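Architecture at a glance
In case you want the letters, here they are:
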Amino acid sequence: MTRRLGVLISGRGSNLQAIIDAIAGGGLDATIAVVISNRPGARGLERARAAGIEAMVLEHGAFASREAYDRALVEELRRHDVGLVCLAGFMRLLSPVFIDAFPGAILNVHPSLLPSFPGAHAQRQALEHGVKLAGCTVHLVTAELDAGPIVLQAAVPVREDDTEDTLSARILVEEHRLYTEAIALVLEGGWRIEGRRFLPGPA
Ligand code: GRF
């Protein structure tokens, strides 16, 4: 897999920033080939441009179907010779058209210890459920939402006085560290998938 990343965003882009910073600081040997947002106002677009990275908007509303949108995304990523796709707060479900175009080469970061609390508002779900340990997960992306093989996880203790905001902020710190570590691990190769498990060692 080439070390050229394509980062897909929809908003704030703090995970994108963590990847940019890790590359700039020498902690991650990779290049961000392109950043694509499905929303024109995403703050992450400015972060990318400020770092001299090509950033573009592909608005999903402009396409007739999910598949048509996904085909356009794949085309842009291919045009930029992307080897690994990193979803970083990308708020769109991806169809098999997209998943099959990058087999074993799409990563996502999710703010819970999966398989607990998939989907939206994971931190709120965790608080409302009353778990004592929350956290985040970086996983390979499959057609099922937030359900692919887990690459890395980090736990974050829940405090009695936590609100959705305070818990989200502490999880986010871990997300930033974990995502860059997971990207490095996946790019390095020498891993295999057995059943649902991401394991070190050749395939
Ligand atoms: C993060 O919490 C990520 O886990 C979730 O969406 C949020 C994106 O934040 N998928 P940012 O845009 O990276 O700041």
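Below, the structure is looked at part by part. (Residues numbered from 1 in each chain as written. Predicted model: local features only at pLDDT ≥ 70, side-chain atom pairs only at ≥ 80, totals over all residues. Heavy atoms only, no water.)

**Concerning the nonpolar core**
Judged by nonpolar contacts, the single largest core of 62 residues is most densely connected at F98 and I183. When sequence neighbours within four positions are dropped, the list of residues in contact with I183 reads L5, I19, L28, L84, C86 and L107. (Core = buried A, V, L, I, M, F, W, Y, C linked by side-chain atoms within 4.5 Å. Buried < 20%, exposed > 50% of the residue type's maximum accessible area, 1.4 Å probe, protein only. Contact = heavy atoms within 4.5 Å.)

**Some points on the site of the ligand**
In the neighbourhood of the ligand, the contacting residues comprise R12, G13, S14, N15, G89, V109, H110, P111 and E175. Separating an oxygen atom of the ligand from a backbone N or O atom of G13 is a distance of 2.8 Å. E175 places a side-chain nitrogen or oxygen 2.6 Å from an oxygen atom of the ligand. With respect to the pocket detection grid, the ligand is positioned in the largest pocket. Those elements that place two or more of their residues in the shell around the ligand are α1 (14-24) and β5 (106-110). Broken down by class, the residue content of the shell around the ligand amounts to two nonpolar, five polar and two charged. (Near = heavy atom within 4 Å. Polar contact = N/O pair within 3.5 Å; in protein donor to acceptor, adjacent residues only side chain to side chain. 1 Å grid on protein atoms, 1.4 Å probe; cavity = no way out; pocket = protein on both sides within 12 Å on 5 of 7 lines; lining within 4 Å. Sits in = over half its atoms within 2 Å of the grid points. Helix = DSSP H or I, 4+ residues; strand = E, 2+ residues; numbered from the N terminus. Nonpolar A, V, L, I, M, F, W, Y, C, P; charged D, E, K, R; others polar.)

**Let's talk about the pairing of strand β2 (residues 31-37)**
Of all seven residues making up β2, six are buried, and the element is well covered by its neighbours. Both strand β1 (residues 4-9) and β2 contribute to a ladder of six bridges, which runs parallel. The residue of β2 that forms the bridge with V7 is V35. Crossover connection from β1 via α1 to parallel β2: handedness right-handed. Relative to strand β3 (residues 55-57), β2 is paired through three bridges, and the arrangement is parallel. Counted as the bridge partner of V35 is A55 from β3. (Pairing = 2+ DSSP bridges. Right-handed = clockwise from strand over helix to strand, strands pointing away.)

**Looking at the environment of R124**
Following the sequence through the fold, R124 ends up in helix α5 (residues 122-129). Overall, R124 belongs to the partly exposed group, its relative accessible area being 33%. In sequence terms R124 and S168 are 44 residues apart; their C-alpha atoms lie 8.6 Å from each other.

**Thoughts on the layout of surface pockets**
Roughly 970 Å³ of internal volume is contained in the largest pocket. Lining the largest pocket are 40 residues; nearest its centre among them are G89, F90, M91, V109 and P111. Of all the secondary structure elements, the ones that give two or more residues to the lining of the largest pocket are α1, β5, α5 and α6 (164-188). Sort the elements by how many residues they give to the lining of the largest pocket and α6 lands first, with six residues. Classifying every residue of the lining of the largest pocket by side-chain character gives 17 nonpolar, 15 polar and eight charged. (Points joined across faces, edges and corners; volume = space filled by probe spheres on them.)

**Focus on helix α2 (residues 43-50)**
Residues of α2 that are buried include every one of G44, L45, R47 and A48, and no others. Buried residues along α2 cover an arc of 160 degrees about the axis, so they all sit on one side. Relative to its buried face, α2 has exposed residues pointing more than 90 degrees away, namely E46 and A50. If you follow the buried residues of α2, they end up packed against β1, α1, β2 and β3. Phi for G52, located one or two positions after α2, is positive at around 75 degrees. (Arc of directions from axis to C-beta.)

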